[in-house]
Amino acid sequence: MTTTTRRKTSTTSGRSAAAGRNHTPAGGGARAAGAESVDPAELPVRAGEEAWTAAEVAEVHAELADDVQRLKQEIEAAEAALTGLMRDSNDGAGDDQVDAGTKNINRESELQLANNARDMLDQSERALARLEGVGFGVCESCGQAVGKARLQAFPRATLCISCKAKQERR
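Residues numbered from 1 in each chain as written. Predicted model: local features only at pLDDT ≥ 70, side-chain atom pairs only at ≥ 80, totals over all residues. Heavy atoms only, no water.

1. What about the environment of Glu-50?
Then, number 1: As for its position among the elements, Glu-50 is in the loop between strand S2 (8-10) and helix H1 (54-88).
Then, number 2: Here Glu-50 is in contact with Val-45 and Lys-148, once residues within four sequence places are set aside. (Helix = DSSP H or I, 4+ residues; strand = E, 2+ residues; numbered from the N terminus. Contact = heavy atoms within 4.5 Å.)

If you want it as structure tokens, here you go:
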């Protein structure tokens, strides 16, 4: 399933979760220092790309931080909607099959939205932690630079284009 914000972002599907599951960050959380703690000269770039500037790093950092806040709000809203759907599912006395099916589809849809938001939140928090710490811009598969242009388009990227293509072919 694909979720559209400003860019298309792929998320994992088939992940099950309880409706009231609490979110815990995958990367252990980001430091409070923010974008100022990042030295743009230390971020890797591919051959032919210009080095990162402080303004570009601040822009990527701000985008990731905004995404984290937005996704937390989406998760809260989805969990509230799920709570309401679960509570209302017991009031189905006299419902026909279509009504029961509609309620099931609504619940499953809300569950999937909440799970997608959690996955994206994990990715955003991890990217933010990597940006403020170590590893941002380095491919997790081959160790080469992911590419500045790719990270500006999709800051959560952890694989370079060739490794991502290999992964998708599998």
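Still more to cover.
2. A look at the environment of Val-38
Then, number 1: With respect to the secondary-structure elements, Val-38 resides in the loop between S2 and H1.
Then, number 2: Leaving out residues up to four positions away in the same chain, Val-38 has contacts with Leu-43, Val-57, Leu-131 and Glu-132.

3. Structural notes on the confidence of the model for the protein chain
Then, number 1: Chain-level statistics for the protein chain give a pLDDT mean of 79 and a share of 75% at 70 or above.
Then, number 2: No element of the protein chain has a lower mean pLDDT than S2, which averages 37, and none a higher one than helix H3 (residues 148-153), which averages 95. (pLDDT = per-residue confidence, 0-100.)

4. Structural notes on the nonpolar core
Then, number 1: If you look at the biggest cluster of nonpolar residues, it comprises 23 residues, and the most contacted ones within it are Leu-43, Trp-52, Leu-131 and Phe-136.
Then, number 2: At the level of elements, H1 and helix H2 (97-132) are the ones that each hand at least two residues to this core.
Then, number 3: The contacts of Leu-131, once residues within four sequence positions are left out, are Val-38, Leu-43, Val-57, Val-60, His-61, Leu-64 and Phe-136. (Core = buried A, V, L, I, M, F, W, Y, C linked by side-chain atoms within 4.5 Å. Buried < 20%, exposed > 50% of the residue type's maximum accessible area, 1.4 Å probe, protein only.)

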